[in-house]
Amino acid sequence: MTVRPYDTRFMKMALALAERGLGQVAPNPAVGCVIVQEGPDGPRVVGRGFTQAGGRPHAETEALKRAGDLARGATAYVSLEPCSHHGKTGPCADALMEAGVARVVGAIADPNPEVAGRGFARLQAAGIDVTENVCAADAQFLNQGFFLTMSERRPLVTLKIASSLDGRTATHEGQSKWITGEASRARGHLLRATHDAIMVGSATAIVDDPELTCRLPGLGERSPIRIVADGRLRLPLTSKLVREAHKAPLWILTLPNGDSARRSAFEECGAVLIDVEPGDGGLMDMRAALGQISARGVTRVLVEGGARLAASLMRDRLVDRIEWFQAAKLIGGDGYPAIAGLGIKHVDGAPSFVLREVLRAGPDTVSSYVRSA
Ligand code: AOF
Ligand code: ZN
């Protein structure tokens, strides 16, 4: 195993490339690969690639294609262990071997049981110098959706909230347009683009009548799957979500045994109904709901409201990240809260998060939190 002083630098480059695939590659992980030749003048990048939309080609294939003959004797930096299984094409470990790569630096092992260390082992057996665990924590964070899919059969859940400084999302009259500003909204759309699906509760879908598409210049085609948690099929057939179900996929999570005529009406509009078993209190069991979403290939879900959906996910400890957009405005205690009642008696029992980053978005702040371990 060799270590070079610039290993971290090129792995960060591979991670930045990988990030471009987020929201595009599910159920596959988003991987980046950088191929570097060491010459007398120092290291030189000869090929770069990342997992393509739909999950194929893999990052290594893309980078090798660009490097061509320059891959011989080079080092490949990969943000995830190269695969060892035969999928739609041959294993990436073999492609790296055949291209004559001399060294592979990997960030983290692939948790897919079909790979799980076999990719690295295969490379080592072929005499390739393998270095593991370079920027492992960053690589895990980047593909947390894929890791959770493998370990818990559920997607990563990011909760997005846009509120006043005092955590209110609307006035007592229900007026909410617009609490946060233009820059926050643009960033919100970027969040949509990096998730595979956006989920809202039925109350939000009814009151706001949102489109839930991604409207950023140039990112229009990245619109994720729209999911409505609607146990009792209350969503109007005339809502924008239903009317546009043929343009972007619409999945409705609902309790089984709903009115069959109403179910068919939704299906005729192009919506996909997903039955979710009830949990305590007859409401949909959210872990089961996420399991269903995961089984359909979604690895990253952005939850955009409302207060009750956020609370039920929070109560079941299913929120992995929070992106909290806060305007410097006060609405007061008569406004609507961002999160409905959690029934917490002691602060010790409150869901708690770790602050990762704070950004300014025009007059607002965006705080990114991750669940505390
Ligand atoms: C890599 N490079 O860029 C990605 C990998 O269905 P397939 O054949 O595309 O294989 C999917 C699996 O490949 C996926 O579950 C994960 O283990 C791995 N993803 N591997 O070498 C890549 N995206
Ligand atoms: Zn591969």
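Residues numbered from 1 in each chain as written. Chains lettered and ligands numbered in written order. Predicted model: local features only at pLDDT ≥ 70, side-chain atom pairs only at ≥ 80, totals over all residues. Heavy atoms only, no water.

(A) The arrangement of the coordination of the zinc ion (ligand 2) in detail. Ligation of the zinc ion (ligand 2) by protein atoms is provided by His58 (ND1), Cys83 (SG) and Cys92 (SG), these donors lying 2.0 to 2.2 Å from the ion. Of note is the zinc ion (ligand 2), whose four donor atoms meet at the metal with angles of 96 to 120 degrees in an arrangement that counts as tetrahedral. Along the chain, the residues donating to the zinc ion (ligand 2) are arranged with the sequence spacing H-x24-C-x8-C. Residue His58 is located in the loop between β2 (42–50) and α2 (59–67), and its partner Cys83 is located in the loop between β3 (75–78) and α3 (92–98); the two are separated by 25 residues in the primary sequence. Each member of the pair, His58 together with Cys83, is buried. (Donors = N, O, S within 2.8 Å, 3.2 Å for Na, K, Ca; no water. Tetrahedral: all angles 85-135°; square planar, octahedral: opposite > 155°, others 65-115°. Helix = DSSP H or I, 4+ residues; strand = E, 2+ residues; numbered from the N terminus. Buried < 20%, exposed > 50% of the residue type's maximum accessible area, 1.4 Å probe, protein only.)

(B) Structural context of unusual backbone geometry. With an omega dihedral of -10 degrees, the bond running from Arg56 to Pro57 counts as a cis peptide bond. With respect to the element layout, Pro57 can be found in the loop between β2 and α2. In the segment running from Gly305 into Gly306, the intervening peptide bond is cis, with an omega of 0 degrees. Topologically, Gly306 is positioned in the loop between β12 (300–303) and α12 (307–315). A positive phi angle is found at Ala116, which is not glycine, with a value near 35 degrees. Overall, Ala116 belongs to the partly exposed group, its relative accessible area being 46%.

(C) Layout of the packing of aromatic side chains. With the rule as written, the count across this model stands at three aromatic pairs. Summarising the aromatic geometry, the rings of Phe10 and Tyr77 are spaced 5.4 Å apart at their centres and angled 40 degrees between planes, so their arrangement reads as tilted. Here Tyr77 lies in strand β3 and Phe10 lies in helix α1 (residues 7–19), a separation of 67 residues in the sequence. No difference in accessibility class separates Phe10 from Tyr77, as the two residues are buried. (Phe/Tyr/Trp six-rings, centres within 6.5 Å; stacked < 30°, edge-to-face > 60°.)

(D) Representation of helix α4 (residues 118–125) in the model. For α4, the set of buried residues is Gly119, Phe120 and Leu123. What you see down the axis of α4 is that its buried residues fit within an arc of 95 degrees, all on one side. In this structure, the buried side of α4 is in contact with α3, β4 (103–106) and β5 (129–131). Positioned one or two residues after α4, Gly127 has a phi angle of 85 degrees, which is positive. (Arc of directions from axis to C-beta. Contact = heavy atoms within 4.5 Å.)

(E) Main features of the nonpolar core. With 43 residues, the main nonpolar core has Met11, Ile35 and Val104 as its most contacted residues. No other element matches α1, which puts six residues into this core. Ile35 has contacts with Arg44, Val45, Val46, Gly47, Ala63, Leu64, Ala67, Ala71, Ala74, Thr75 and Ala76, leaving out every residue within four places of it along the chain. In this structure, Met199, Ile274, Met286 and Met314 belong to the second largest nonpolar core, which totals 30 residues. (Core = buried A, V, L, I, M, F, W, Y, C linked by side-chain atoms within 4.5 Å.)

(F) The sheet that holds strand β9 (residues 225–229), seen in detail. One open sheet accounts for nine strands, arranged β11-β10-β9-β8-β12-β6-β13-β16-β15; its pairing is mixed. At either margin of the open sheet sits one strand with a lone partner, and together these are β11 (272–275) and β15 (353–361). Strand-to-strand, the axes of this sheet are offset by a mean angle of 20 degrees, without reference to chain direction. Pairing analysis gives five bridges linking strand β8 (residues 197–201) to β9, with the strands arranged parallel. The residue bridging Gly201 from the neighbouring strand is Ala229, located in β9. Packing against the sheet, helix α10 (residues 260–268) makes contact with β10 (250–254) and β11, and its axis sits at approximately 135 degrees to β11. (Pairing = 2+ DSSP bridges. Axes fitted to C-alpha atoms, helices over the stretch in contact; angles between N-to-C directions.)

(G) Summary view of empty space enclosed by the protein. Inspection of every chain in the model, using the stated rule, returns one cavity of 30 Å³ or more. Forming the walls of the largest cavity are 16 residues, and the residues nearest its centre are Leu22, Asn28, Asn143, Thr299 and Arg300. Taken together, the residues of the lining of the largest cavity break down into seven nonpolar, seven polar and two charged. Both domains that meet at the lining of the largest cavity, namely domain 1 (7–147) and domain 2 (152–371), each give it at least three residues. (1 Å grid on protein atoms, 1.4 Å probe; cavity = no way out; pocket = protein on both sides within 12 Å on 5 of 7 lines; lining within 4 Å. Points joined across faces, edges and corners; volume = space filled by probe spheres on them. Nonpolar A, V, L, I, M, F, W, Y, C, P; charged D, E, K, R; others polar. Domains from an automatic or database assignment.)

(H) Molecular detail of the environment of Gly32. Mapped onto the elements, Gly32 comes out in strand β1 (residues 32–39). On a C-alpha basis, the gap between Gly32 and Leu159 in space is 26 Å, while along the polypeptide they are 127 residues apart. Once you skip the residues sitting within four places of it in the chain, Gly32 turns out to touch Ala14, Leu17, Ala18, Gly49, Phe50, Ala59, Tyr77, Val78 and Ser79.

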